[in-house]
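Reading the structure
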Amino acid sequence: MEGLLYKLRNLDAYPKVNEDFYSRTLSGGIITLASSVVMLLLFVSELRLYLHAVKETTLRVDTSRGETLRINFDVTFPALQCSIISLDAMDISGQEHLDVKHDIFKQRIDAHGNVISTRQDAVGGMKVEKPLQRHGGRLEHNETYCGSCYGAEESDEQCCNTCEDVREAYRKKGWGVSNPDLIDQCKREGFLQSIKDEEGEGCNIYGFLEVNKVAGNFHFAPGKSFQKSNVHVHDLLPFQKDSFNVSHKINKLSFGQDFPGVVNPLDGAQWVQHSSYGMYQYFIKVVPTVYTDINEHTILSNQFSVTEHFRSSESGRIQAIPGVFFFYDLSPIKVTFTEQHVSFLHFLTNVCAIVGGVFTVSGIIDSFVYHGQRAIKKKMEIGKFN
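Residues numbered from 1 in each chain as written. Predicted model: local features only at pLDDT ≥ 70, side-chain atom pairs only at ≥ 80, totals over all residues. Heavy atoms only, no water.

We apply this condition: UniProt positions are given in the numbering used here, feature names are shortened, and annotations may be inferred rather than shown by experiment.
In the annotation of an unreviewed UniProt entry, the entry for the protein reads Endoplasmic reticulum vesicle transporter C-terminal domain-containing protein, and the organism field reads Leersia perrieri. UniProt, in its Subcellular location (unreviewed entry) section for the protein, records the words "Membrane".

**Quick notes on the overall build of the protein**
Applied cut-off: In DSSP terms, a helix is any run of H or I states spanning at least four residues, a strand is any run of E spanning at least two, and both are numbered starting from the N terminus. For each residue, the accessible area found with a 1.4 Å probe, counting protein chains only, is set against the maximum for its type, and the residue is called buried under 20%, exposed over 50%, and partly exposed in between. Contacts were defined at the residue level, with two residues in contact if any of their heavy atoms lie within 4.5 Å. We get accessible surface area from the Shrake-Rupley algorithm with a probe of 1.4 Å; when it comes to residues, only the shown protein chains can shield them.
Helix and strand counts for the protein stand at six helices and 15 strands. For the protein, the proportion of its 386 residues judged to be buried stands at 35%. Counted over contacts in the protein with a minimum sequence separation of 6, partners at least 24 positions apart contribute 73%. Accessible surface for the protein amounts to roughly 23900 Å². Of this, 56% is attributable to carbon and sulfur atoms.

**Quick word on a nonpolar patch on the surface**
For clarity, the cut-off: Residues forming no salt bridge and having over 30% relative accessible area are the ones grouped into patches, like charges within 9 Å of each other and nonpolar side chains (Val, Leu, Ile, Met, Phe, Trp, Tyr) within 5 Å. For salt bridges, the criterion is a side-chain nitrogen of Lys or Arg within 4 Å of an Asp or Glu carboxyl oxygen.
A surface patch of nonpolar side chains, amounting to about 290 Å² of accessible area, comprises L4, L5 and L8. Among the structural elements, L8 can be located in helix α1 (residues 2-10).

**A short note on the sheet that holds strand β11 (residues 269-271)**
Pairing between sheet strands relies on hydrogen bonds along the backbone, with the strands arranged either parallel or antiparallel. Put simply, the rule reads: Here the rule is simple: two strands pair whenever DSSP picks up at least two bridges between them. Between the N-to-C directions of two axes lies an angle of 0 to 180 degrees, each axis being a line fitted to C-alpha atoms and, for a helix, fitted only over the stretch in contact.
Here five strands make up an open sheet; going across it, the order is β5-β6-β2-β10-β11 and the pairing antiparallel. Pairing within the sheet leaves two strands with one partner each, and these edge strands are β5 (104-109) and β11. Strand after strand, the sheet turns through a mean of 20 degrees between neighbouring axes, direction not considered. Pairing of strand β2 (residues 68-77) with strand β6 (residues 202-212), which is carried by 10 bridges, proceeds in the antiparallel orientation. Each bridged residue has a counterpart across the sheet, and for I71 the counterpart in β6 is L209.

**Considerations on the packing of aromatic side chains**
Spelled out, the test is: Only rings of Phe, Tyr and Trp enter the pairing, Trp through its six-membered ring, and a pair is recorded when the two centres are within 6.5 Å. The plane angle decides the type: under 30 degrees is stacked, over 60 is edge-to-face, the rest tilted.
Summed over all chains, the structure comprises 24 aromatic pairs. Here F43 and F347 contribute two aromatic rings whose centre-to-centre distance is 6.3 Å and whose plane-to-plane angle is 50 degrees, an arrangement assigned as tilted. Note that F43 is positioned in helix α2 (residues 26-51) and F347 in helix α6 (residues 344-385), a separation of 304 residues in sequence. F43 gets classed as partly exposed once you look at its relative accessible area, which sits at 33%. Feature note: the residues F73, F77, F218, F220, F255, W271, Y280, Y282, F304, F310, F326 and Y328 constitute an aromatic cluster, connected by ring pairs.

**Topic: the side chain of H219**
As for its position among the elements, H219 is in strand β7 (residues 216-222). For H219, a relative accessible area of 1% translates into the label buried. Apart from residues no more than four positions distant in its own chain, H219 is found in contact with S86, L87, D88, M90, H232, H234, V324 and F325.

**Remarks on α2**
The condition is simple: Expected span, for any helix, means 1.5 Å times one less than how many residues it has.
Its 26 residues place the ends of α2 38 Å apart at the C-alpha level, agreeing with the 38 Å of an ideal helix rising 1.5 Å per residue. For α2, every residue scored as buried is listed here: S27, G28, I31, S35 and E46.

**Some remarks on the pattern of salt bridges**
Considering all chains together, one arrives at seven salt bridges under this definition. Residue D62 is joined to K213 by a salt bridge in which the shortest nitrogen-to-oxygen separation is 3.7 Å. Placement of D62 in the loop between β1 (54-61) and β2 and of K213 in the loop between β6 and β7 is noted, with a sequence separation of 151 residues between them. The salt bridge partner of K101 is D99, with a shortest N-O separation of 2.6 Å. Three or more residues joined by partner-sharing salt bridges are found here, namely D62, E67, K213 and K334.

**A few points about the state of the cysteines**
The line we're drawing: What counts as a disulfide here is a pair of cysteine sulfur atoms lying within 2.5 Å.
Summed over all chains, the structure comprises three disulfides. Linked covalently through their sulfurs, C82 and C203 form a disulfide whose S-S length is 2.1 Å. An S-S torsion of about 100 degrees defines the bridge between C82 and C203 as right-handed. With C82 in the loop between β2 and β3 (85-91) and C203 in strand β6, this residue pair connects regions lying 121 residues apart in the sequence. C82 gets classed as buried once you look at its relative accessible area, which sits at 4%. The disulfide that involves C146 links it to C159, with 1.7 Å between the sulfurs. Here the S-S torsion is close to -95 degrees, and the disulfide linking C146 with C159 is therefore left-handed. Highlighted residues: C146 in the loop between β5 and α3 (163-173) and C159 in the loop between β5 and α3, separated in sequence by 13 residues. Owing to a relative accessible area of 14%, C146 belongs among the buried residues under this scheme.

**A short note on the pairing of strand β10 (residues 248-255)**
Note: β2 against β10, six bridges, orientation antiparallel. Residue pairing in the sheet places T76 in a bridge with K249 of β10. Inspection of the sheet shows β10 paired to β11 by three bridges, in the antiparallel sense. Counted as the bridge partner of K249 is Q270 from β11.

As structure tokens, this is what we get:
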């Protein structure tokens, strides 16, 4: 048994030195104190990394199909009335959403940006006691009202009872409403007068769109849109205006749900128009993103980058639809963020590396300082004897 213990004692890689042979120095004490502080700081830093989740980023090809893309927006137009702004969305698959109203909210604002809470309908409208019927006569007592569509009817039974109905019927035909006062419904509702009463106001429009996950565009522009000779145009004639100021501020624009650390580059972006007509364009590259938190809750979202371009009118002629256009395209690469904790063994390995590394380096520095001091002292003693 004693032989075994003797062999184990010979394996000791840390032989002990009698304390009588230790030589403690001032420089050694300073180095020990400094190395202890460094060791403590590094340990605290490593402990924080261990206690908090770290984010791992991976890139892979996006193989998803048949999904939809949610576009969240909040845009303010300080010089464009709510009554003339329309929102359209279309994509390369041919699907169109014209004059979108579902999940879209508009707030009238004054010149100072304050929200106008109340709105009077048909302000200043001409009072017509008996609306004009589709057959040409006036509405009589005990008669059901059926307004004319002024040649835009799709069937003999179709009725256009409001100004909006007439404008929608014209849009489907690809026609423009040149003078709303010639339309009985618009005249009764005071369509032009209500636009004039909103002169000097702005509009805050916000909400979201649900579109196909393919390249496309959505835009804010005055007037109803329709297709004419396979060209997307907006009917600006009813407003009887010479120019449209599409100055705007993007309060928020995002594609999908927000997730921790997301940066939307257009949030807070602002642009002021100095010409009479123009189209402001944003070209957006959307990057599909998956974020998985530490509790394995997954968020399917998107990030995006953007470039901008302003297309103005030339020689006083309208070369482009006045409005703000967002053209987006999808990246084929998907970014995946995964939150995870550092394993305890990894933490223990790093702590051992910190302690051993600092201890070794401080020992080297102490040895260098100690032997340097001894060499200098010995030379000084030799100099005295000489």
